[in-house]
Each structure stands twice: as C-alpha cells, then as structure tokens.
Number of protein chains: 2
Amino acid sequence: MTVRIDETDRKILAELQRDAGQSLEEIATAVGSSKTPVWNRIRKLREAGVIGQQTVILDAEALGFEATFFVLIRTSAHEADWQRQFLKALQERPEVQEAHRLAGDIDYILKVRVRNARAYDAFYQALISEVRVHNVTALLSMEEIKSTTMLPLDG
Amino acid sequence: MTVRIDETDRKILAELQRDAGQSLEEIATAVGSSKTPVWNRIRKLREAGVIGQQTVILDAEALGFEATFFVLIRTSAHEADWQRQFLKALQERPEVQEAHRLAGDIDYILKVRVRNARAYDAFYQALISEVRVHNVTALLSMEEIKSTTMLPLDG
DNA sequence: GCTGAAAACTTGGGACA
DNA sequence: TGTCCCAAGTTTTCAGC
C-alpha cells in the first residue's frame, strides 16, 4: 500500500498534474530521464493507486452550473445507522462535489454545485427529508477566486 | 464566448470527465458517432474553453498531505486595495486549493491542503501577517467522504 | 457535416549494454 | 537500470460525398 516515492517520481507526478495530455517523451525530457524508465514508474504509481482518475476540468459556468454552496451541517444523531444513511445520500447525489466529516462543533461540510438557487433548494429539501439534521447553514459563493486539484509536489 | 452545446457535446464531455485517457475511437463509440466529428467537437470545445486542463487525480494521503482545513474568514477591510492583496496572497499559496468570496456574514472560505497541523499553522501565521483579517475559523477535516470534480451532465 | 483513408506521431515492450 | 529500436495503435489532417 505504501510506495516509496523519490524525487523523479515526484517530478513525474507534478508534470502529470500540470498536463496529463503530454506525450511520454515530453514528460521524460521534463524530468530528465527517458521514455522506458518514466513509463515503468508511471505504471507502478498507477498500480499503487497514487495516480488515480485521469480527467478534464470543465467550465462549470459555461455549462450552466452557476451556483456553488458550501453547506455546514450540525447533527444530533451520531448513531452508526444514521451515519450510514447520510453517507449514502451524499454519495448518490451528483451535485455534492465534496463532503468532509469535521472535528469540532460543525459535523459536516459539503460543497454543492447546482444550476441555480432553486436547484439548491430542491437538493436541500430532498436531503432533510432523507436524513435528520439539527442545523444547516448554507454559504453562497459569489465568486470562485481559485480552484485547483493540484498538490504542491515541488517542495 | 458562449458556445451552443448539444446532446452529443454533452455526452462527449461526460466521457472525457469520466476518463480522459480513452482513445478517440472509444469516445466516438460511446457517444454513437465516429472519430472525425467527435474530434472536431472536442477541438471546438477546447478552443471555447469549455474543456480546460487535462489532469490526473493523485492520492493526497499517499503523498503525505494528511490534513485538510476549511477556513472561514471574516474581514472588516472591504477596500479594493486590501482585496487585491488578499487575492494575490491566495493565488500564490499552493496549499490553497479553493477560495471563494461569499455572500453574507462570512466573507471568504478557503480549502487548504497541508502535510500536517504544523504546516497549517505556518500557513495561517503567514496569511495573517500579509493581510488584516477580522476573524478566522478553521474547520479540520477528519474524513474525506466524497471528492469529485465531475459535473452531472447527463440530466 | 459525415466517411474513410493516409501521414505523422505515440505507445508499449523486447533485445541488449 | 537505462538506451535503442520496432510493431501496433492513435491522432490529426484532408479529399470526396
């Protein structure tokens, strides 16, 4: 499960994060190695699960997803059964882009991407009808200042 | 700037989101078309900026990024100059994966990914020394329940 | 705006230092 | 482990429908 990752692996991962569409040769040049060794490292990192999904970042606004909400949830129900149901509800709803269980006062935070405020309300009503929650605060994003999936691997 | 996107475009985008490493032929089959038309559509969508960065999702924990914080920021400074400086600070810090300006009571939310709690503290100290903020609440993630960049394009 | 095919490039793997 | 090289497959362009 744990993989030993050296400097070259880290450089390869940084290149792949930056642009996964590059040819093997470009990556090899960028990291100062050549095709076969780079290819073997990539294969190993993929097998180890360090490299996951290869995807494309789409322009959410251009596709009509104009509202992003961060939802802070407090609950009084802490039983295993409630939690299982809540997790299942989140996994099933594609408008939930992120969900984290938190330490402290607030129990969960969600990032919810929807077409408009009405679509958020529909989501909210569906959620609270499926699972009991104690208190919900929705924070509406006015402007996405920054959004990246890149990890800083160069340090 | 605005592109007309039809059903076929939407299917292509959904396929690319799901797996950007597929061959043109696989995508063409999946959407019920053939290589050349699919290729022309992809090119147009790329030019229009609907398709952005092509990347790879890495396993943050395997790479030693073990702490995620959501940071809620209230400020009393609403001058353009302060805002410019704050935005610049966020853009420059690679540990900030998301930053949104919010409507209402809380002014900004950040998602910050760091190696450990000490690294978060270093980030926090650096941030408050660069820009004046009124009130900061950090929410520590205990568990990433869900994380995706995919938009639900099938509806 | 599609089909089909040709040209250029890329991948994935084998033989060898 | 890395370098060189090849066959198979893929991308990109283009003429014709």
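All residue numbers refer to position in the chain's written sequence, counted from 1. Key to labels: chains lettered from A, ligands numbered from 1, both in the order written. At least 70 in pLDDT is required for a residue's local features to be given in this predicted model, at least 80 for side-chain atom pairs to be given and counted, and no such filter applies to totals for whole chains, interfaces and linings, which use all residues. Water and hydrogen atoms were dropped before computing side-chain values, which therefore reflect all heavy atoms in the structure.

Caption draft 1: Representation of the relation of the copies chain B and chain A in the model. Aligned on chain A, chain B shows an RMSD of 0.0 Å; the corresponding rotation is 180° and the shift along the axis is 0.0 Å. Such a combination of turn and shift is consistent with a two-fold rotation axis. Closest approach to the rotation axis within chain B is made by the C-alpha atom of Thr55 of chain B, at a distance of 2.8 Å. Taken together, the interface assignments show that 100% of the residues at the interface of chain B recur at the interface of chain A, consistent with an identical surface on both copies. Our superposition of the copies is a least-squares fit, built on the C-alpha atoms of residues whose pLDDT is at least 70 in both. Here a residue-residue contact requires only that any non-hydrogen atoms of the pair lie within 4.5 Å.

Caption draft 2: Region of interest: the packing of aromatic side chains. Within 6.5 Å between ring centres, the rings of Phe, Tyr and Trp (the latter by its six-membered ring) count as paired, and their orientation is classed by plane angle as stacked under 30 degrees, edge-to-face over 60, tilted in between. Summed over all chains, the structure comprises twelve aromatic pairs over all chains. Aromatic side chains Trp82 of chain B and Tyr108 of chain B sit 6.2 Å apart centroid to centroid with 45° between the ring planes, which places their arrangement in the tilted category. Residue Trp82 of chain B is found in helix α4 (residues 80–92), and its partner Tyr108 of chain B is found in strand β4 (residues 108–114); the two are separated by 26 residues along the sequence. Of the two residues, Trp82 of chain B and Tyr108 of chain B, neither departs from the other in class, the shared state being buried. Taken together, a centroid distance of 6.3 Å and an interplanar angle of 25° make the contact between Tyr120 of chain B and Tyr124 of chain B stacked. Taken as a pair, Tyr120 of chain B and Tyr124 of chain B lie in helix α5 (residues 117–130) at a separation of four residues, close to a single helical turn. Burial classification: accessible surface area is computed with a 1.4 Å probe over protein chains only, and a residue below 20% of its type maximum counts as buried, one above 50% as exposed, and the rest as partly exposed. Exposure remark for Tyr120 of chain B: the relative accessible area of 8% places this residue in the buried category. For Tyr124 of chain B, a relative accessible area of 26% puts it in the partly exposed group. Over the ring of Phe65 of chain A we find Arg115 of chain A; its NZ or CZ atom is 4.4 Å from the centre of that ring. Note on conventions: DSSP H or I runs of at least 4 residues are helices, E runs of at least 2 residues are strands, and numbering of each starts at the N terminus. To sit over a ring, a charge needs its Lys NZ or Arg CZ within 6 Å of the ring centre and within 35 degrees of the ring normal.

Caption draft 3: View of the interface of chain B and chain A. Contact with chain B, which involves 61 residues of that partner, is made by 61 residues of chain A. The salt bridge definition used is simple: a Lys or Arg side-chain nitrogen within 4 Å of an Asp or Glu carboxyl oxygen. The closest approach of N and O atoms between Glu98 of chain A and Lys111 of chain B, which form a salt bridge, is 2.7 Å. Secondary structure elements with two or more residues in the side of chain B that touches chain A: α1 (7–18), β1 (51–58), β2 (67–74), α4, β3 (96–102), β4 and β5 (135–147) of chain B. Looking at the side of chain B that touches chain A element by element, the count peaks at nine residues for β5 of chain B. Throughout this entry, Asp, Glu, Lys and Arg are counted as charged residues, while Ala, Val, Leu, Ile, Met, Phe, Trp, Tyr, Cys and Pro are counted as nonpolar. The remaining residues, Gly among them, count as polar. In terms of residue class, the side of chain B that touches chain A is built from 33 nonpolar, 16 polar and twelve charged. In this sheet, β1 of chain B lies alongside strand β1 (residues 51–58) of chain A in antiparallel orientation, the contact comprising five bridges. For two strands to pair, DSSP has to find at least two bridges joining them.

Caption draft 4: The arrangement of the protein's contact with DNA strand C in detail. Whether a residue is near a molecule or strand depends on its heavy atoms: it is near if one of them lies within 4 Å of it. The local shell around DNA strand C consists of Ser23, Leu24, Lys35, Thr36 and Trp39 of chain A together with Ser34, Thr36 and Pro37 of chain B. For DNA strand C, the fraction of protein-proximal atoms (within 4 Å) that sit in sugar or phosphate groups is 65%. Leu24 of chain A places a main-chain nitrogen or oxygen 2.8 Å from a phosphate oxygen of DNA strand C. One of the side-chain nitrogen or oxygen atoms of Thr36 of chain A is found 3.3 Å away from a base oxygen of DNA strand C. Broken down by secondary-structure element, the contributors of at least two residues to the surface near DNA strand C are α3 (35–47) of chain A together with α3 (35–47) of chain B. Per element, the largest residue contribution to the surface near DNA strand C is three residues, and it comes from α3 of chain A. Of the residues belonging to the surface near DNA strand C, the class tally is three nonpolar, four polar and one charged. Between N or O atoms, a polar contact is any pair within 3.5 Å; within protein, one atom must be a potential hydrogen donor and the other a potential acceptor, and residues adjacent in sequence are included only when both atoms are from side chains.

Caption draft 5: Geometry of the UniProt feature "domain: HTH asnC-type" (unreviewed entry) in chain A. UniProt positions are given in the numbering used here, feature names are shortened, and annotations may be inferred rather than shown by experiment. Mapped onto the present numbering, the UniProt feature "domain: HTH asnC-type" (unreviewed entry) falls on residues 5–66 of chain A. The span residues 5–66 of chain A is 53% helical and 13% strand by assignment, and the distance between its end C-alpha atoms comes to 39 Å.

Caption draft 6: Examining the protein's contact with DNA strand D more closely. The local shell around DNA strand D consists of Ser34, Thr36 and Pro37 of chain A together with Ser23, Leu24, Lys35, Thr36 and Trp39 of chain B. Here, DNA strand D places atoms within 4 Å of the protein, and 64% of those atoms are sugar or phosphate. The separation between a base nitrogen of DNA strand D and a polar side-chain atom of Thr36 of chain A is 2.9 Å. Between DNA strand D and Trp39 of chain B, the relevant distance is 3.0 Å, taken from a phosphate oxygen to a side-chain nitrogen or oxygen of the residue. Broken down by element, the residue count for the surface near DNA strand D peaks at three residues, all from α3 of chain B. For the surface near DNA strand D, the class distribution of residues is three nonpolar, four polar and one charged.

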